[in-house]
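In case you want the letters, here they are:
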Amino acid sequence: MSASSPLCIFCKIIKGEIPALKLVETEKVISFLDINPLAKGHSLVIPKYHAEKFHELPDDYVSDVLPVAKKIAVASGLSNYNILQNNGRIAHQEVPHVHFHVIPKPSESENEGLVVGWPAHQVPNDQLKQVWEEIKGKL
Ligand code: AMP
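All of these numbers come straight from a predicted model, not from anything done at the bench.

### Section: the sheet that holds strand β3 (residues 43-47)
Okay, so step 1: Sheet architecture is open: five strands sit in the order β1-β2-β3-β5-β4, paired in antiparallel fashion. The open sheet terminates on both sides in strands that have one partner only, identified here as β1 (22-25) and β4 (81-84). Adjacent strand axes in the sheet meet at a mean angle of 15° when their direction is disregarded.
Okay, so step 2: The pairing of β4 with strand β5 (residues 100-104) spans four bridges and is classified as antiparallel. If you follow Ile83 over to β5, its bridge partner there is Val102.
Okay, so step 3: Contacts between helix α2 (residues 59-75) and the sheet are confined to β1, β2 (29-33), β3, β4 and β5, with β3 contributing the most and set at about 160° to the helix.

### Comments concerning the pairing of β3
Working note: regular strand, side chains alternate between the two faces of the sheet.
Okay, so step 1: The buried fraction of β3 is high, at five of five residues.
Okay, so step 2: Burial of the side chains of β3 extends over both faces: Ser43, Val45 and Pro47 are buried on one face and Leu44 and Ile46 on the other.
Okay, so step 3: Relative to β3, β2 runs antiparallel, the two being bridged by five bridges. Each residue of the ladder has a partner; that of Val29, found in β3, is Pro47.
Okay, so step 4: Where β3 and β5 come together, three bridges link them in antiparallel fashion. Among the inter-strand pairings, Ser43 is bridged to a residue of β5, identified as Val102.

### A closer look at the site of the ligand
Okay, so step 1: Near the ligand lie 16 residues; those nearest to it are Asp34, His92, Glu94, His99 and His101.
Okay, so step 2: In this structure, a nitrogen atom belonging to the ligand sits 3.1 Å away from a main-chain N or O atom of Ile35.
Okay, so step 3: In the model, an oxygen atom of the ligand is placed 3.0 Å from a nitrogen or oxygen of the Asn86 side chain.
Okay, so step 4: In the complex, the protein chains occlude 84% of the 510 Å² of accessible area that the ligand would expose alone.
Okay, so step 5: Taking a 2 Å distance to the grid points as the criterion, the majority of the atoms of the ligand fall inside the largest pocket.
Okay, so step 6: Mapped onto the shell around the ligand, the elements with two or more residues apiece are α1 (9-15) and β2.
Okay, so step 7: Among the elements that make up the shell around the ligand, the one with the highest residue count is α1 (three residues).
Okay, so step 8: Here the residues of the shell around the ligand sort into eight nonpolar, six polar and two charged.

### Description of the pairing of β1
Okay, so step 1: Two elements, β1 and β2, share two bridges in a ladder whose sense is antiparallel. Bridging across to β2, Glu25 finds its partner in Ile30.

### Side note on the layout of surface pockets
Space left empty within the atom packing is revealed by a probe, the size of a water molecule, rolled over the atoms.
Okay, so step 1: Within this model, the largest pocket holds a volume of roughly 630 Å³.
Okay, so step 2: Contributing to the lining of the largest pocket are 25 residues, with Asp34, Ile35, Asn36, Leu44 and His101 lying nearest its centre.
Okay, so step 3: The set of elements that each furnish at least two residues to the lining of the largest pocket consists of α1, β2 and β5.
Okay, so step 4: In terms of residues, the lining of the largest pocket owes the most to one element, α1, which gives three residues.
Okay, so step 5: Counted by class, the lining of the largest pocket contains 16 nonpolar, seven polar and two charged residues.
Okay, so step 6: Its boundaries defined by the atoms lining it, the second largest pocket holds a volume of some 230 Å³.
Okay, so step 7: Contributing to the lining of the second largest pocket are 15 residues, with Lys40, Ser76, Leu78, Pro104 and Pro106 lying nearest its centre.
Okay, so step 8: Broken down by class, the residue content of the lining of the second largest pocket amounts to five nonpolar, six polar and four charged.

So, how was this worked out
Residues numbered from 1 in each chain as written. Predicted model: local features only at pLDDT ≥ 70, side-chain atom pairs only at ≥ 80, totals over all residues. Heavy atoms only, no water. Pairing = 2+ DSSP bridges. Helix = DSSP H or I, 4+ residues; strand = E, 2+ residues; numbered from the N terminus. Axes fitted to C-alpha atoms, helices over the stretch in contact; angles between N-to-C directions. Contact = heavy atoms within 4.5 Å. Buried < 20%, exposed > 50% of the residue type's maximum accessible area, 1.4 Å probe, protein only. Near = heavy atom within 4 Å. Polar contact = N/O pair within 3.5 Å; in protein donor to acceptor, adjacent residues only side chain to side chain. Areas by Shrake-Rupley, 256 points an atom, 1.4 Å probe, with all protein chains shown as cover. 1 Å grid on protein atoms, 1.4 Å probe; cavity = no way out; pocket = protein on both sides within 12 Å on 5 of 7 lines; lining within 4 Å. Sits in = over half its atoms within 2 Å of the grid points. Nonpolar A, V, L, I, M, F, W, Y, C, P; charged D, E, K, R; others polar. Points joined across faces, edges and corners; volume = space filled by probe spheres on them.

By themselves, these observations are geometric and do not establish any function.
What follows is the structure in C-alpha cells.
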C-alpha cells in the first residue's frame, strides 16, 4: 500500500489488523461486506491507499475500483442497485477513507437498500449556462 494511516479503520482492514468478510482483492483494491448493511449483500470497495476524498486518490487507484464494483454486481446477480461514494461529513461520509458502496435494491421492499432524497430545482437556462462556463473554464 502506498499511503496508509495508522488510525484509519479501513487501513487496518487492508493490513489485516481487524477482520472483514473479504470478497475481492487485487493489487490496488479490496472489497468486503459492509458491517451494517442497508440490504443483503451491501458491500464496500476501497483502494489500498489512504485518501480521505475521491479527488485526492491517484488515478491508478481510481481506475481499479469500478471494475471490482462491477464484478460484485454481476456475481450477485443484481439488476437494481446503487453505487454510492460519499465525500465529507455533510455528504454522509462516516469513514474518512475513500470507499464505494455497492448497495442492492431489493424489489420486494422499498425500505431496504438506499433511500435517496433528490431535492431538484428548476433553474433558468442562463443560470445553467453561467455555471457551465465557470466549470468548463477551469477544466
Ligand atoms: P460512509 O457513510 O459512506 O462513510 O459509509 C461507511 C460505511 O462503512 C458504513 O456503511 C459502515 O457500516 C461501514 N463500516 C464501518 N466500519 C466497518 C467495518 N469494520 N467493516 C465493514 N464495514 C464497515
